[in-house]
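Chain residues, written in single-letter form:
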There are 4 protein chains.
Amino acid sequence: MPKVTAEHRLARREQIVQAALHCVAENGFHKTTMADVIRESGLSAGAVYGYFRSKDEIIAAIADQALSAVDELFEGILSTEDPLSPAEAMRVVLDHVVKTAERSGGDVTRVGLQAWAESVHNPTIAAVAREKYTILRTHYTAVARRAQLDGTLPSDVDPEHVAQVLFGMLPGFILQRLLLGDVTPESYTAGLNALLGSAAPRRP
Amino acid sequence: MPKVTAEHRLARREQIVQAALHCVAENGFHKTTMADVIRESGLSAGAVYGYFRSKDEIIAAIADQALSAVDELFEGILSTEDPLSPAEAMRVVLDHVVKTAERSGGDVTRVGLQAWAESVHNPTIAAVAREKYTILRTHYTAVARRAQLDGTLPSDVDPEHVAQVLFGMLPGFILQRLLLGDVTPESYTAGLNALLGSAAPRRP
Amino acid sequence: MPKVTAEHRLARREQIVQAALHCVAENGFHKTTMADVIRESGLSAGAVYGYFRSKDEIIAAIADQALSAVDELFEGILSTEDPLSPAEAMRVVLDHVVKTAERSGGDVTRVGLQAWAESVHNPTIAAVAREKYTILRTHYTAVARRAQLDGTLPSDVDPEHVAQVLFGMLPGFILQRLLLGDVTPESYTAGLNALLGSAAPRRP
Amino acid sequence: MPKVTAEHRLARREQIVQAALHCVAENGFHKTTMADVIRESGLSAGAVYGYFRSKDEIIAAIADQALSAVDELFEGILSTEDPLSPAEAMRVVLDHVVKTAERSGGDVTRVGLQAWAESVHNPTIAAVAREKYTILRTHYTAVARRAQLDGTLPSDVDPEHVAQVLFGMLPGFILQRLLLGDVTPESYTAGLNALLGSAAPRRP
DNA sequence: AATGAATGAGACTTCATTCAT
DNA sequence: TATGAATGAAGTCTCATTCAT
């Protein structure tokens, strides 16, 4: 019975998180009421509170999920033998972002956006965001380091700074996609490639 | 009392907007109560509602202000004779962002972040955001076009796509600054310059 | 100056009462705000409060006016040499009610209706209503007495009781006119006449 | 818990309506606050709003109840074999009105009076009032028709017009009872009988 | 464990009235 | 006297959370 119960508990939690994710993607953290989540999850109020102590705990759970969504991918990318160039990495990530966003059950990038806003005054979410994004940016640092080894990136620059810029392109992509709706992985990669190839020839 | 009133009304509205901005920068749109804004503004409830019809109207006003903050600058930049390069534009803008953010009375970038999140489910703010950011991005399109004329950017790329990427670096900067706190205009510009100078020599 | 001022004061009070009457006929006592009255009167808040101490005082003034509207007429009717029969009195009064109600500036019967409702829990208006309606009903007592002298009404009945019924037809007429809109002085008088002529011949 | 719930819900609604009726009979619709109803009902704010969506909905419910109070009776009267004469009908109805008004829990005639006033500017209540009073007046039309068949009422008169007058006596009775306090079913019936028997013998 | 009715603090907003100019 | 901006008490309603069944 313990194992069944443990699985059961996880399944229920997941059910609630999915319901909440759906609601929050639609209406944000604050316009989403517990009544919404309860209705959407198909459970009762008491049941939901049996799995999460509070609304904040549910919010933290979905924020975690939304903020982790991109990171999963990098485990795969980095584990490949062939190191990716900045442009390749960007392309792969953006494709993944779009694919993930379009999954049924609610656009996680919308939820991520809520999490960014929330992290400004919610220490719990801020901590999660810092943790996830530090890890994520570290992947870009690795990308930068490899490019320096390749010689495609000057070696006298701090790879952390390059990572800041590369990682920093993601929020811009996500925001423009949600707000203006006219960016695509293709358009963005094209723009990036133009910039990467924009400089005068490297000094020998 | 006509003359007094016109100025007075504007001053009062500004007073309320400043109070609200301060509160929202601190606590976000939803944790900011009208009671907070009323207290912070030093006015009475009735007075505040004499200038704004609802909390939503106040939120729209500060969202507008926060979303416009960067754009003001560009009027100045673009009016100069000397067109700026992408890197120069980025440097100037980031300096401005930081300076604006550090102004007393509340970090507008925090408010901007709230506005991004809100625009997902608030049509009024979404409209403002779209308007402001379309204009802002257009400035970057101009920067890209000039770089193409200079020959520092390939001429066979859509300058809109370049603008997507350049403009798209701002949210990333703002988000990292608020969340991780370790990006500066210097570090970001260094990373960007490294990327700009990273490609193989242009094909002749 | 005193006389001019006195006239002026009265004119202003009348201006305010008319404005209030108009608003109340439209929206009732409670949905009518002082702001409505102030706007409709064309005066300023301060000015209005210079002529009436409170909203209740204005309400009392228009209630008085509305409750007196029918009574004015009776002075005329009763002062005639020729006493009216119940049916004649009813016809004259109903015509007057309709004519008064249709005067521009707000249907006084609507205001009267508000006054009835208000008098249930507003002692001031209750007192006014009692006073006005006692006088009004007394006129019907006179009508009944004359009919008894005529022999058109049994002499062994208390004329007060007849007056209750005759006077009591007015609220019913007013209410049906406002609510159902299908009663007219003609239809009502026809129905009344049928009832008056309905009985078997008087026992000798 | 289905069965319990269905009954329970109705009982709770009734509990709230009774509380509201009591308050409104005392203070009218507008001086009655939700806090009053909540206190009087013995429930919490949330509970009350679980059964009614708004104060207006509660008002509509008690207006409905008050406006229906007289009508219930007629079902009984009309279903009797023996058709009632106008005078008999009036006597029965007035007795019922007084008995209903004196029931503990708030005088419904006071609430009816509020409903009349409210219907002038509240379409929902106006619709209910029109519906209920149209039905109620139709009963009087039936009374008039029977009297015409009896020969106690001229057959050349529109029974609708007679119904207008007969039905129209009720508001007058109710209003005088509340306002002046000196009418009784006895006095009113006496006055009515005097009028009914007042005419000269019918022309042959 | 599950249910969902009940709780009640607190949010937003209105509006009669005042008072400095 | 006149103005109308300002006041702030009070009203309606929501919603995260609990607990008897």
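Predicted model only: the values in this text are computed from it and were never measured.

Draft legend 1. Local environment of the overall build of chain A. Each helix and strand in chain A was counted, giving nine helices and zero strands. In sequence order, chain A lays out its α and β elements as α-α-α-α-α-α-α-α-α. Across its three principal directions, the C-alpha atoms of chain A cover 70 × 40 × 30 Å. Sorting the 204 residues of chain A into buried and exposed places 53% on the buried side. For chain A, the proportion of contacts with a sequence separation of at least 24, taken over those separated by at least 6, is 68%. With an accessible surface of roughly 9,100 Å², chain A has 54% of that area assigned to carbon and sulfur atoms. Of the side chains in chain A, 20 bear a positive and 25 a negative charge, and the two mean positions are spaced by 4 Å.

Draft legend 2. Structural view of the protein's contact with DNA strand F. Close to DNA strand F lie 29 residues; Met34 of chain A, Arg12, Gly46 and Tyr51 of chain B together with Tyr49 of chain D are nearest. Close to the protein, within 4 Å, the atoms of DNA strand F belong to sugar or phosphate groups at a rate of 60%. Here a phosphate oxygen of DNA strand F and a backbone polar atom of Lys55 of chain A are 2.8 Å apart. Contact distances for DNA strand F include 3.2 Å between a base nitrogen and a backbone N or O atom of Gly46 of chain C. Listing elements by their share of the surface near DNA strand F, those giving two or more residues are helix 3 (45–51) of chain A, helix 1 (2–31) and helix 3 (45–51) of chain B, helix 3 (45–51) of chain C together with helix 3 (45–51) of chain D. In the surface near DNA strand F, the residues fall into 14 nonpolar, twelve polar and three charged.

Draft legend 3. Main features of the relation of the copies chain B and chain A. Screw-axis analysis of chain B against chain A gives a translation of 0.0 Å along the axis, an RMSD of 0.2 Å, and a rotation angle of 179°. Put plainly, the chains are arranged around a two-fold axis. Mapped onto chain A, 100% of the interface residues of chain B again fall at the interface, so both copies present the same surface.

Draft legend 4. Seen up close, helix 9 (residues 185–196) of chain A. The first and last C-alpha atoms of helix 9 of chain A sit 16 Å apart over twelve residues, in line with the 16 Å expected at 1.5 Å per residue. With respect to burial, helix 9 of chain A is a largely interior element, nine of its twelve residues being buried. Taken as a whole, helix 9 of chain A has its buried residues at Pro185, Ser187, Tyr188, Thr189, Gly191, Leu192, Ala194, Leu195 and Leu196 of chain A. Buried residues belonging to helix 9 of chain A abut helix 5 (86–101) and helix 8 (159–179) of chain A together with helix 8 (159–179) and helix 9 (185–196) of chain B.

Draft legend 5. Main features of the protein's contact with DNA strand E. Residues in contact with DNA strand E amount to 31 residues; listed here are only the nearest, Tyr49 of chain B, Met34 of chain C together with Arg12, Gly46 and Tyr51 of chain D. Contact distances for DNA strand E include 3.2 Å between a base nitrogen and a backbone N or O atom of Gly46 of chain A. Mapped onto the surface near DNA strand E, the elements with two or more residues apiece are helix 1 (2–31) and helix 3 of chain A, helix 3 of chain B, helix 2 (34–41) and helix 3 of chain C together with helix 1 (2–31) and helix 3 of chain D. Residues of the surface near DNA strand E, tallied by class, amount to 15 nonpolar, twelve polar and four charged.

Draft legend 6. How the structure looks around the packing of aromatic side chains. Residue and element names in this part refer to chain C. Per the counting criterion, the structure on display carries eight aromatic pairs over all chains. With centroids separated by 5.1 Å and ring planes inclined at 70°, the aromatic side chains of Phe173 and Tyr188 adopt a geometry described as edge-to-face. Of this pair, Phe173 sits in helix 8 (residues 159–179) while Tyr188 is found in helix 9 (residues 185–196), placing the two residues 15 residues apart along the sequence. Judged by relative accessible area, Phe173 falls into the buried class, the value being 0%.

Draft legend 7. A look at the interface of chain B and chain A. In this complex, chain B contributes 52 residues to the contact, which on the side of chain A involves 52 residues. Taking both sides of the interface into account, the surface hidden between chain B and chain A amounts to around 4,800 Å²; carbon and sulfur atoms contribute 67%. Applying the counting criterion to the chain B and chain A interface returns two salt bridges. Here Asp182 of chain B and Arg137 of chain A are joined by a salt bridge, their closest N and O atoms 2.5 Å apart. Counting across the interface, chain B meets chain A through 16 residue pairs in polar contact (both at pLDDT 80 or more). Among the secondary structure elements, those contributing two or more residues to the side of chain B that touches chain A are helix 1, helix 6 (108–119), helix 7 (123–150), helix 8 and helix 9 of chain B. Ranked by residues supplied to the side of chain B that touches chain A, first place goes to helix 8 of chain B with 13 residues. Class assignment for the residues of the side of chain B that touches chain A results in 28 nonpolar, 17 polar and seven charged.

Draft legend 8. Local environment of the pattern of salt bridges. Enumeration according to the criterion identifies 28 salt bridges over all chains in this entry. Its salt-bridge partner being Glu57 of chain B, residue Arg53 of chain B comes within 3.8 Å of it at the nearest N-O pair. A relative accessible area of 71% places Arg53 of chain B in the exposed class. Between Arg177 of chain C and Asp107 of chain C there is a salt bridge, with its nearest N and O atoms 3.4 Å apart. Linking Arg177 of chain C in helix 8 with Asp107 of chain C in the loop between helix 5 (86–101) and helix 6 (108–119), this pair joins segments that are 70 residues apart in sequence. There is no split in this pair, since Arg177 of chain C and Asp107 of chain C are both buried.

Draft legend 9. Region of the structure containing the relation of the copies chain C and chain D. Note on the copies: chain C fits chain D at an RMSD of 0.1 Å, the axial shift is 0.0 Å, and the rotation between them is 179°. In this assembly the copies share their binding face: 100% of the residues contributing to the interface of chain C also contribute to that of chain D.

Draft legend 10. Spotlight on the environment of Tyr51 of chain C. Residues and elements named next belong to chain C. You can see Tyr51 is positioned in helix 3. Considered as a pair, Tyr51 and Glu14 are 37 residues apart in the sequence and their alpha carbons are 9.9 Å apart. Every residue in contact with Tyr51, bar those within four places of it in the chain, is listed here: His8, Arg9, Arg12, Arg13, Ile16 and Glu57.

Draft legend 11. Inspection of the arrangement of the chains at higher detail. Chain B makes no contact with chain C; the smallest distance between any of their C-alpha atoms is 13 Å. At the level of C-alpha atoms, the two units chain B and chain D stay apart, their nearest approach being 21 Å.

Thresholds applied
Residues numbered from 1 in each chain as written. Chains lettered and ligands numbered in written order. Predicted model: local features only at pLDDT ≥ 70, side-chain atom pairs only at ≥ 80, totals over all residues. Heavy atoms only, no water. Helix = DSSP H or I, 4+ residues; strand = E, 2+ residues; numbered from the N terminus. Buried < 20%, exposed > 50% of the residue type's maximum accessible area, 1.4 Å probe, protein only. Contact = heavy atoms within 4.5 Å. Areas by Shrake-Rupley, 256 points an atom, 1.4 Å probe, with all protein chains shown as cover. Lys, Arg positive; Asp, Glu negative; His and termini not counted. Charge placed at Lys NZ, Arg CZ, Asp CG, Glu CD. Near = heavy atom within 4 Å. Polar contact = N/O pair within 3.5 Å; in protein donor to acceptor, adjacent residues only side chain to side chain. Nonpolar A, V, L, I, M, F, W, Y, C, P; charged D, E, K, R; others polar. Least-squares fit on C-alpha atoms with pLDDT ≥ 70 in both. Expected span 1.5 Å × (residues − 1). Phe/Tyr/Trp six-rings, centres within 6.5 Å; stacked < 30°, edge-to-face > 60°. Buried area = accessible area lost by both parts, 1.4 Å probe. Salt bridge = Lys/Arg side-chain N within 4 Å of Asp/Glu carboxyl O.

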